[in-house]
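Residue-level listing of the chains:
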Amino acid sequence: GDQVEQSPSALSLHEGTGSALRCNFTTTMRAVQWFQQNSRGSLINLFYLASGTKENGRLKSTFNSKESYSTLHIRDAQLEDSGTYFCAAERANNRIFFGDGTQLVVKP
Amino acid sequence: GALVYQYPRRTICKSGTSMRMECQAVGFQATSVAWYRQSPQKTFELIALSTVNSAIKYEQNFTQEKFPISHPNLSFSSMTVLNAYLEDRGLYLCGARQVSNERLFFGHGTKLSVL
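Notes on the structure in this doc start here. (Residues numbered from 1 in each chain as written. Chains lettered and ligands numbered in written order. Predicted model: local features only at pLDDT ≥ 70, side-chain atom pairs only at ≥ 80, totals over all residues. Heavy atoms only, no water.)

Time to look at the interface of chain B and chain A. At the interface, 20 residues of chain B touch 20 residues of chain A. Each partner contributes to the roughly 1800 Å² buried at the junction of chain B and chain A, and carbon and sulfur atoms together form 51% of this total. Summed over the three residues of chain B that lose the most area to chain A, namely Phe44, Arg103 and Phe106 of chain B, the buried surface amounts to 29% of that side. Seen at the junction of chain B and chain A, the total is 2 salt bridges. Linking chain B to chain A there are 6 residue pairs in polar contact (both at pLDDT 80 or more). (Contact = heavy atoms within 4.5 Å. Buried area = accessible area lost by both parts, 1.4 Å probe. Salt bridge = Lys/Arg side-chain N within 4 Å of Asp/Glu carboxyl O. Polar contact = N/O pair within 3.5 Å; in protein donor to acceptor, adjacent residues only side chain to side chain.)

This is the structure in structure tokens:
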């Protein structure tokens, strides 16, 4: 989207490796949420951050509101991590805007 | 836990007809509901944000006349796509939450196909 710039648009990883996804924001955001969209279209909640860093298993996310970016780190990628990942950032008026997604393929 | 049920999961309608989709929040109070459309190219568009006891706010390019939304209580919201045409195809998703500093919970989405 215009307010949320997500990169990369596509990512290929071998099992066991890792990488990072990033969202840059063109305006001040007060919170960010990361989702994984599975093959059926369902959005799975990964993280919600108003600031700082959270970790959950092999995933870690950071939100830096001052520098207007958020990252999602994946380590030790597994086949089931394949899917499309989205960040969604919230403005002060409660409106939430999505990035354009990162299509992740994890290969054996 | 918090869940959002959205139905139907998929629907096909003839060009020029209308279809209605519904969202039910379970386990929390859906004070705020946001409706999105995800295009076949996977990009998301915010259609409108509805907050109980407040006016529904539509984004640019989306109108109440085309996408009327009802949010009558803290557990239910519906949206209708009126006079659907090819450009209205996509996955429509409702996201709900109780308070503004919490995560959005999404339903499975309603996939709209238009013939």
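A few words now on the sheet that holds strand S8 (residues 69-74) of chain A. Residues and elements named next belong to chain A. Pairing is antiparallel in the open sheet, where 5 strands are placed in the order S1-S3-S8-S7-S6. The sheet is open, and its two edges are formed by strand S1 (4-7) and strand S6 (52-56), each paired on a single side. On average, each strand axis in the sheet is inclined to that of its neighbour by 15°, with strand direction left out of account. Relative to S8, strand S7 (residues 59-64) is paired through 6 bridges, and the arrangement is antiparallel. Paired with Asn64 across the bridge in S8 is Tyr69. (Pairing = 2+ DSSP bridges. Helix = DSSP H or I, 4+ residues; strand = E, 2+ residues; numbered from the N terminus. Axes fitted to C-alpha atoms, helices over the stretch in contact; angles between N-to-C directions.)

Turning next to the pattern of salt bridges. Residue and element names in this part refer to chain B. Enumeration according to the criterion identifies 8 salt bridges over all chains in this entry. A salt bridge links Glu22 to Arg20; the shortest N-O distance between them is 2.4 Å. Overall, the relative accessible area of 44% leaves Arg20 in the partly exposed class. A salt bridge links Arg37 to Asp88; the nearest nitrogen and oxygen atoms lie 3.6 Å apart. Pair noted here: Arg37 is in strand S4 (residues 32-38) and Asp88 is in the loop between strand S8 (76-81) and strand S9 (90-97), with a separation of 51 residues, a long-range link. Of the two residues, Arg37 and Asp88, both sit in the buried class. When salt bridges that share partners are traced, they join Arg37, Glu45, Lys66 and Asp88 into one network. (Buried < 20%, exposed > 50% of the residue type's maximum accessible area, 1.4 Å probe, protein only.)

That is the geometry; function is a separate question.
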